[in-house]
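Here is what each chain is made of, one letter per residue.
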Amino acid sequence: MSKDDGNLKNATAKGFLWGGMSNAVCLLLNLFFGIFLANILGPDDYGPIGMLAIFSAVAGSLQESGFVAALANRKKVGHDDYNAVFWFSVIVSIAMYVGLYFAAPLIADYFREPILVPLSRYSFLGFVIAGFGIAPSAYLYRELKVKEKSISLIITIIVSCSVGVAMAICGYSYWGIATQGILYMLVRALCMWYYTPWRPSWRVNFAPLKYLFTFSYQLLLTNLFLRINGNVFSVILGGNAYYTRADIGNYTKANEWSKMGSEAVNGMVNCVAQPVLARVADDGERQLRVLRKMVRFTAFVSFPMLLGLSLVSRELILVTITEKWIESANMLKILCLWGAFIPIQSLFTHLLISRGRSRIYMWCTIIQGLLMIAMLFVMRPYGISNMIVAYVILNILWLLVWLHFVRREITFTLPMFLRDTLSYFLIAAVTMCLTSLLTSSVTNIYILLPLRIAVAAAIYTAALFLCRSEELHETIGYIKTRKTSKQ
C-alpha cells in the first residue's frame, strides 16, 4: 500500500468512525425526543408540519444550489469562492422567504387548512437562517472536518429538541415543532461558524459563481427532485379529500423514523464519500477499490439496522409512542425496506459526481422522480399502504439504473455489486426471520422489543464471525487500535 493510500484509508476510517458515532448519538437523541413529542402530540398535530415539509425542502435546495459539492470537487478554493457562496445563499434565502410569505394563503387553500397561513410564515424563517450556514458547512465538508460537524449536530439536536418538547408540554402543539425546526437551523449555523476559521467580507466578487454554477446547476435540479420525491406523499395525500390530517401525520411519523434509521448510516457515508472519491477520481482502479470498500461497509451496517427496525416496528411504536400511532407502524415496516438501500444509492451518486457526471446524476434522478410521482397518482385510490409498497419497489429496482451508469465509469459490474452486498443482505434477512420465529411465543411487548433486538444482534454478529467478515474484523481492529493509541 502506498503512503497516499494509507493516508486516505486512515482519513476515511476516521471519518466513518466519527460519522458513525455521531449518527448513532444523533439517532438516539432524535429517538428520545421524538418519543417525548409523539406521546404529548398526536397524528393531527403532525399533519400541518408534514404538509409544509415539501416547501421547506425545495427552498433548502434552492439556497444551497449544489455549491457545497461544487466546492468539495474544486481543486483549489479561496476566500472569494466561499464569500460568493455565502452572499448568494443569504440573498436567495431572503428572496424565497418573501415569495413564500405571500404564497401562504394559496398553500392553505390547497390543503384546506387555514392555520397554515400563519404557521407557514413562521416555519419558513428556518431556511432564511439556514442560508447563513451554507458557506461554513461547505468549508467543514471540504476539509473533512467530520468531528467538528458531528459535535455541532449533537449540540443542535439537544438544544432544538429540548425547546420543542418544552413547548409541546405547554400546549403549543405544531407551533412547538415549527420552533424546533427554526432553532435547529439557528444553532447548527452558529456551531458551524464556531468551527470555521473563514469569515465573509463585504467586498463581494460573484465571479467564482460562474465556474461553480457550471458544476452545481445540475446538482441543484437534482436536489430539487430529490426533495420533492421525499415529500411528495404529503402533497398528494393533502390534496385528496379521502385522506385526513391524521393520515398525513401517521405517514409523516413513519417516514421520520424510517429516515432516522437510514440517515444513521447515510450520514456516516456522506461525511466522507464525496471528498474521498473526488480525491481519487483521476485513478479509476483506485477509485473502484475505494467504492467497493465503502459499499461493503455500508451493506454491513445498513441491512441489519434497517431490516431490524422493520422487524420491531410494531413493538417500537406501541412501547414508545403508544397505540394512537399504531397506523404508522405498518407504514414504517415497509419504508424500512427501501431505507436499507438508500445509503448504497448515495454512494453511487457520489461516485458519479466525483467523476464530473452531474448531468447523468441529474437526469437519472429527474426521471426516477417523475416515474414515482406518476406511480403515486395512479396508486392513490388504493390506499396509503399500497402506495408505499409501490414506492419501495420502484426505488429498489431503480438501483440497477444507477449501477448501470456507475459501471460505465469504473467497471463496477453487477456481479461485483452482488458479491459486495448480497451476503450481508441475506445474513440480515435470515437473521430477522430467525429472530421473529424464536421470539414468536413472547406476547409481552415490553419484553419482546429488547429481546428481539438482543437476539438479532447476537445472531447477526455470530454469523459474521462464522463467515469471517472482513468488515467486522476491520471495524473491531480499528477500534482496538484507537483505544491503544490513547493509552
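J.: Before we go on, may I ask you to explain the overall build of the chain in this structure?
T.: Counting its regular elements, the chain contains 21 helices and zero strands. Residues classed as buried in the chain amount to 55% of the 487 residues present. Across the chain, contacts joining residues at least 24 apart in sequence account for 83% of those joining residues at least 6 apart. With the model as given, the accessible surface of the chain reaches about 21400 Å², and the carbon-plus-sulfur share is 66%.

J.: Before we go on, may I ask you to explain the pattern of salt bridges in this structure?
T.: Any two side chains of opposite charge can pair, so long as their charged atoms come close to each other. One pass over the full model with this rule turns up six salt bridges. With a closest N to O distance of 2.8 Å, Arg 292 and Asp 420 form a salt bridge. Linking Arg 292 in helix H13 (residues 284-311) with Asp 420 in helix H19 (residues 414-438), this pair joins segments that are 128 residues apart in sequence. Accessibility expressed as a relative area gives 3% for Asp 420, which makes it buried. Across the pair Asp 420 and Arg 296 runs a salt bridge whose closest N-O atoms are separated by 3.4 Å.

J.: Looking at this model, I keep getting lost on the side chain of Ser 262. Mind explaining?
T.: Along the chain, the position of Ser 262 falls in helix H11 (residues 245-270). Excluding anything up to four places from it in sequence, Ser 262 contacts Leu 306, Gly 339, Ile 342 and Pro 343.

J.: What's the story with unusual backbone geometry in this structure? I'm lost.
T.: Leaving glycine aside, a negative phi is the common case for residues, and trans is the common case for peptide bonds. Phi angles above zero are rare outside glycine, and Thr 322 is one such case at about 70°. Examined against the element boundaries, Thr 322 turns out to sit in the loop between helix H14 (313-321) and helix H15 (326-339). Look at Thr 322 and you get partly exposed, because its relative accessible area is 31%. Backbone geometry at Thr 411 places phi at a positive 50°, although glycine is not the residue there. Topologically, Thr 411 is positioned in the loop between helix H18 (384-410) and H19. Judged by relative accessible area, which is 49%, Thr 411 ranks as partly exposed.

J.: What exactly am I supposed to notice about the environment of Phe 32 here?
T.: Of note, Phe 32 is situated in helix H1 (residues 3-40). Using a relative accessible area of 45% as the deciding quantity, one classes Phe 32 as partly exposed. Linking Phe 32 and Cys 161, residues 129 residues apart in sequence, is a C-alpha distance of 9.5 Å.

J.: Teacher, can you tell me more about helix H5 (residues 116-123) here?
T.: An α-helix turns once every 3.6 residues. As a result, residues three or four positions apart point the same way. Taken together, the buried positions of H5 are occupied by Leu 116, Leu 119, Ser 120 and Ser 123. Seen end-on, H5 carries its buried residues on one side only, within an arc spanning 95°.

J.: How should I be thinking about the packing of H19 against helix H20 (residues 445-466) in this particular structure?
T.: Packed helix pairs are specified by the crossing angle of their axes together with the interaxial distance, meaning the distance between the axes. Closest axis-to-axis distance for the H19/H20 pair is 9 Å, and the angle between their directions is 140°. As the angle between them shows, H19 and H20 are arranged oblique. The handedness of the crossing between H19 and H20 is right-handed. On the side of H19, the interface is formed by Tyr 424, Ile 427, Ala 428, Thr 431, Met 432, Leu 434, Thr 435, Ser 436 and Leu 438, while H20 contributes Arg 452, Val 455, Ala 456, Ile 459, Tyr 460, Ala 463 and Leu 464. In the contact of H19 with H20, the residues fall into twelve nonpolar, three polar and one charged.

J.: How should I be thinking about the environment of Ser 137 in this particular structure?
T.: Residue placement: Ser 137 occurs in helix H7 (residues 134-142). Not counting residues within four places of it along the chain, the set of residues in contact with Ser 137 comprises Lys 149, Arg 188 and Met 192.

J.: What's the story with the nonpolar core in this structure? I'm lost.
T.: Nonpolar side chains tend toward joint burial in soluble globular proteins. Judged by nonpolar contacts, the single largest core of 111 residues is most densely connected at Leu 291, Phe 348, Leu 376, Ile 388, Tyr 391 and Phe 412. With residues near it in sequence (within four places) discarded, Leu 291 still touches Leu 277, Leu 347, Leu 351, Val 406, Ile 410 and Phe 412.

J.: Please clarify how the side chain of Gln 287 should be interpreted in this entry.
T.: Relative to the elements of secondary structure, Gln 287 occurs in helix H13. Owing to a relative accessible area of 0%, Gln 287 belongs among the buried residues under this scheme. In this structure, Gln 287 is in contact with Leu 277, Val 280, Ala 281, Leu 351, Ser 354, Arg 355 and Ile 410, ignoring residues within four places of it in sequence.

J.: Is there a simple way to think about the packing of H13 against helix H16 (residues 342-354) in this case?
T.: Contact geometry for H13 and H16: axes closest at 9 Å, N-to-C directions at 160°. Classified by the interaxial angle, the pair formed by H13 and H16 is roughly antiparallel. Taken as a pair, H13 and H16 cross one another with a handedness that is right-handed. Between H13 and H16, the residues in contact are Gln 287, Leu 291, Met 294, Val 295, Thr 298, Ser 302 and Phe 303 and Pro 343, Ile 344, Leu 347, Phe 348, Leu 351 and Ser 354, respectively. Looking at the contact of H13 with H16, its residues break down into nine nonpolar, four polar and no charged.

J.: Would you mind showing me how to read the packing of aromatic side chains here?
T.: Working definition: an aromatic ring pair is given by the centre-to-centre distance plus the angle between the planes. Tallying each qualifying case throughout the model produces 22 aromatic pairs. When the centroid spacing of 5.8 Å and the interplanar angle of 50° are considered together, the rings of Tyr 122 and Trp 175 count as tilted. Taken as a pair, Tyr 122 in helix H5 and Trp 175 in helix H9 (residues 173-195) lie far apart in primary sequence, 53 residues in all. Accessibility expressed as a relative area gives 28% for Tyr 122, which makes it partly exposed. Classification of Trp 175 by relative accessible area gives partly exposed; the value is 26%. Ring centres 5.8 Å apart and planes at 50° place the aromatic pair Tyr 361 and Trp 402 in the tilted group.

Procedures and definitions
Residues numbered from 1 in each chain as written. Predicted model: local features only at pLDDT ≥ 70, side-chain atom pairs only at ≥ 80, totals over all residues. Heavy atoms only, no water. Helix = DSSP H or I, 4+ residues; strand = E, 2+ residues; numbered from the N terminus. Buried < 20%, exposed > 50% of the residue type's maximum accessible area, 1.4 Å probe, protein only. Contact = heavy atoms within 4.5 Å. Areas by Shrake-Rupley, 256 points an atom, 1.4 Å probe, with all protein chains shown as cover. Salt bridge = Lys/Arg side-chain N within 4 Å of Asp/Glu carboxyl O. Arc of directions from axis to C-beta. Axes fitted to C-alpha atoms, helices over the stretch in contact; angles between N-to-C directions. Parallel < 35°, antiparallel > 145°, perpendicular 65-115°, else oblique. Left-handed = near helix turned anticlockwise from the far one by under 90°. Nonpolar A, V, L, I, M, F, W, Y, C, P; charged D, E, K, R; others polar. Core = buried A, V, L, I, M, F, W, Y, C linked by side-chain atoms within 4.5 Å. Phe/Tyr/Trp six-rings, centres within 6.5 Å; stacked < 30°, edge-to-face > 60°.

That is the geometry; function is a separate question.
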